[in-house]
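Descriptive analysis of the structure
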Amino acid sequence: MRNPTVASPEGFQLPDSQRRVIRWMIYLAFGALSIGIINGLGQALNYARVDILQYFPGMRTYYQGLTVHGVVNAIVFTFAFANGFLALTTSRALARPLNTPLLWAVLGTMVTGTLLAGYAMATGQASVLYTFYPPLLAHWSFYVGLALLVVSTWLTAILLFGALRGWRKENEGKRIPLMAFISVATYAMWTLASLGIAVSVVGLLIPWSLGLIDHSDPLLSRTLFWFSGHPIVYFWLLPAYVSWYVMVPRQAGGTLFSDSLTRVVFIMFLLLSIPTGFHHQYTDPGISGGMKALHGVLTFGVFFPSMVTAFSVMYALEIGGRRRGGTGLANWFLKLDWGNPALVAQILAMLTFTLGGITGLINASYNLNQAIHNTAWVPGHFHMTVGSAVTMSFMGIAFWLIPYLNRKELVGRGLALVSQWVYFVGVLVMARGLISGGLDGMPRRTEMLEAPYSKPSWELAGMLTGLGGTLMFVGGMLFFAVLIATILFGRKTETPEDIPFTDTYHPPATTGWEVKLDSFRYWVIATIVLILIAYGPFLAQYLPGNFTSTGYRFF
Ligand code: HAS
Ligand code: CU
């Protein structure tokens, strides 16, 4: 029997008008990804010393291409997908329609933000990479565009918290449905986390780009960036985890093992995602060793909920595989439904994420970080996390979400499967190139065609990077072919489908300590305390900052 506490049981359907707005958000997400993947081909081939960026219209430099690649993939794609997808999961879980004007406002701010930032990047006035560290200076419209994209996530947070509040009023004393709990927890984390970028962009960078203040403070801006920049990786990841926890078990024919453990995992992400940003700044001067060590230790803490996820999700898959006749230690894995592209994409995403996680642990180790920081190893790591675990999960979700939002059937199931296998092999080959090159000192974010110091031993690493990137590009294009064919030619479905969500083994407790898990207020307060411990000492000693650097436009 369906366990009604993952989502409200009645066959709730989102009103058509709201379904259409969410559809546009998801289209915006994948539209951005298509530009990002095309640009990515240029980036990967640069490591193989093949210059195709020169043929891209309006593309002046490698750095302009890299900025577009980073911003559209890591900010527009991920934000638009999270906003649309988690609005849908929350609404469905609570069986409540959303606030329509607010939903439109989310879409409007996203589109405006994308156009403004896109204008600056396309005209070569914002080749500052997606981390936009000062003293590199961009056109004001780049920063305003980014600010609006962040605002779109805040509006989504209001949408989600509002829906939850309404539900709580009508359901006093009841446990929050699991799918809503984990969706809202994701936005609670990100709303706190995004304050760093907001302060930096609105308080420092926009006035600086408009000439209202003359100088920038690189260390302060970098610190504020990474205050948000580490937790942003979990803002990218957690929508995928929502799917892995409450949808993949269903798609695999399994069952989620524990409701409470799932809530604990998301609470741990809320608590521990933010106070870890200095692991991106181990090599920055001006931050004490003690504070870096504290962030290092907490980074090992935030590793833990992902380890739990690995075991939880694997167990759910195992249940599915055994129900399909799997026996022995590993045979259940082969018995999973390898013909379902939504499931296959996400299993392959998990497999690459295992390697992404291991490389993350190496990054987080203070001393090992010295060997890999600013080398090609780092893009090797993050293409096995955001570039695959997240992207392939979102592609897998799209295989049911695009049909669901259009009330059509998926076209090209076979091609969909091929797209994911090609992308999977591609990302592994590319990461092998980047990781080995990085260990050999091959730098990241460097125009390799003109690097006079390049070593002969980087040749193989560069070729593998280019080859893998080409396969990822091919996989990505096959994926878009499936999406477009489904949107244009998919057969209309007779009855509207529900979104797929799982049962849990045990319904959530209604008495005892587990009930307390739903008290977001306490978790948010605890998170703020941890943030103060992790960032307070640095800010107390460093503020009001050193605004000494003029702006530069090199590229
Ligand atoms: Fe990271 C740099 C540490 C996770 C993204 N990371 C980056 C950058 C990006 C990024 C974009 O400590 C570059 C930023 C820049 O431009 O400079 N990262 C970590 C750690 C984790 C981690 C400890 N990163 C992510 C995720 C990302 C992401 C997730 C995107 C979504 N990262 C770092 C550090 C740096 C860094 C340093 C700075 C490096 C430097 O010096 O610049 C952890 O959260 C990872 C935990 C993951 C696991 C894996 C669990 C596995 C699962 C799958 C299970 C498989 C199943 C199927 C169920 C513990 C859940 C199995 C079936 C079978 C039969 C096997
Ligand atoms: Cu990080």
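Residues numbered from 1 in each chain as written. Chains lettered and ligands numbered in written order. Predicted model: local features only at pLDDT ≥ 70, side-chain atom pairs only at ≥ 80, totals over all residues. Heavy atoms only, no water.

**Describing the overall build of the protein chain**
What the protein chain contains, in helices and strands, is 19 helices and zero strands. For 555 residues, the compact-globule estimate of 2.2 N^0.38 gives 24 Å, and the C-alpha radius of gyration of the protein chain, at 23 Å, lies within 12% of that figure. The principal-axis extent of the C-alpha atoms belonging to the protein chain is close to 65 × 50 × 45 Å. Relative to its 555 residues, the protein chain shows a buried fraction of 62%. (Helix = DSSP H or I, 4+ residues; strand = E, 2+ residues; numbered from the N terminus. Rg over C-alpha atoms; globule rule 2.2 N^0.38 Å. Buried < 20%, exposed > 50% of the residue type's maximum accessible area, 1.4 Å probe, protein only.)

**Details of the coordination of the copper ion (ligand 2)**
As a benchmark, a tetrahedral metal site with four donors has ideal angles of 109.5 degrees, while an octahedral site with six donors has ideal angles of 90 or 180 degrees. Binding of the copper ion (ligand 2) to the protein goes through H230 (ND1), H279 (NE2) and H280 (NE2), at separations of 1.9 to 2.0 Å. All donors to the copper ion (ligand 2) come from one chain, and their sequence spacing reads H-x48-H-H. The metal-metal distance between the copper ion (ligand 2) and the iron atom of ligand 1 is 4.5 Å. (Donors = N, O, S within 2.8 Å, 3.2 Å for Na, K, Ca; no water.)

**A few points about the packing of helix α2 (residues 62–94) against helix α3 (residues 100–122)**
Direction vectors running N to C along α2 and α3 enclose 175 degrees, while the axes themselves pass 11 Å from each other. By the angle between their axes, α2 is roughly antiparallel relative to α3. Taking contact as the criterion, the partners of Q64, T67, V68, V71, V76, F79, A80 and N83 in α2 are, on α3, V106, M110, T114, M121 and A122. Its residues placed into classes, the contact of α2 with α3 shows nine nonpolar, four polar and no charged. (Axes fitted to C-alpha atoms, helices over the stretch in contact; angles between N-to-C directions. Parallel < 35°, antiparallel > 145°, perpendicular 65-115°, else oblique. Contact = heavy atoms within 4.5 Å. Nonpolar A, V, L, I, M, F, W, Y, C, P; charged D, E, K, R; others polar.)

**Digging into the site of ligand 1**
In the region of ligand 1, 34 residues are neighbours, and Y234, N369, H373, H381 and R444 sit closest. Separating an oxygen atom of ligand 1 from a side-chain N or O atom of Y130 is a distance of 2.8 Å. Taking H381, its side chain carries an N or O atom lying 3.0 Å from a nitrogen atom of ligand 1. Contributing elements (two or more residues each) for the shell around ligand 1: α8 (231–246), α11 (289–323), α13 (341–364), α15 (377–383) and α16 (386–406). For the shell around ligand 1, the leading source of residues is α13, giving eight residues. Among the residues making up the shell around ligand 1, the classes are represented as 21 nonpolar, 12 polar and one charged. (Near = heavy atom within 4 Å. Polar contact = N/O pair within 3.5 Å; in protein donor to acceptor, adjacent residues only side chain to side chain.)

**Comments concerning the nonpolar core**
One finds F30, F142, Y143, L317 and L401 to be the most contacted residues of the largest nonpolar core, which totals 174 residues. Among residues more than four places away in sequence, those in contact with F142 are T67, V71, L116, A117, A120, M121, A126, V128, L129 and F132. Core analysis: the next-biggest nonpolar cluster, separate from the first, contains 10 residues, L53, M59, Y62 and Y63 among them. (Core = buried A, V, L, I, M, F, W, Y, C linked by side-chain atoms within 4.5 Å.)

**Let's talk about a nonpolar patch on the surface**
A surface patch of nonpolar side chains, about 410 Å² in accessible area, is lined by Y522, I525, V529 and I533. By the secondary structure assignment, Y522 is in helix α19 (residues 520–542). Judged by relative accessible area, Y522 falls into the exposed class, the value being 54%. (Patch = residues over 30% accessible without salt bridge, like charges linked within 9 Å, V, L, I, M, F, W, Y side chains within 5 Å. Areas by Shrake-Rupley, 256 points an atom, 1.4 Å probe, with all protein chains shown as cover. Salt bridge = Lys/Arg side-chain N within 4 Å of Asp/Glu carboxyl O.)

**Some points on the packing of aromatic side chains**
All told, the structure shown has 45 aromatic pairs when counted by the stated rule. When the centroid spacing of 5.4 Å and the interplanar angle of 75 degrees are considered together, the rings of F333 and W338 count as edge-to-face. Given the relative accessible area of 26%, F333 is considered partly exposed. On the basis of relative accessible area, W338 is assigned to the partly exposed category, the value being 25%. Three or more aromatic residues link up through ring pairs in this structure, and these residues are F30, F77, F81, F85, F394, F399, W400, Y404, F479 and F480. Sitting over the face of the ring of Y133, R222 holds its NZ or CZ atom 4.2 Å from the ring centroid. (Phe/Tyr/Trp six-rings, centres within 6.5 Å; stacked < 30°, edge-to-face > 60°. Lys NZ or Arg CZ within 6 Å of the ring centre and 35° of its normal.)

Taken by themselves, the reported measurements are silent on function.
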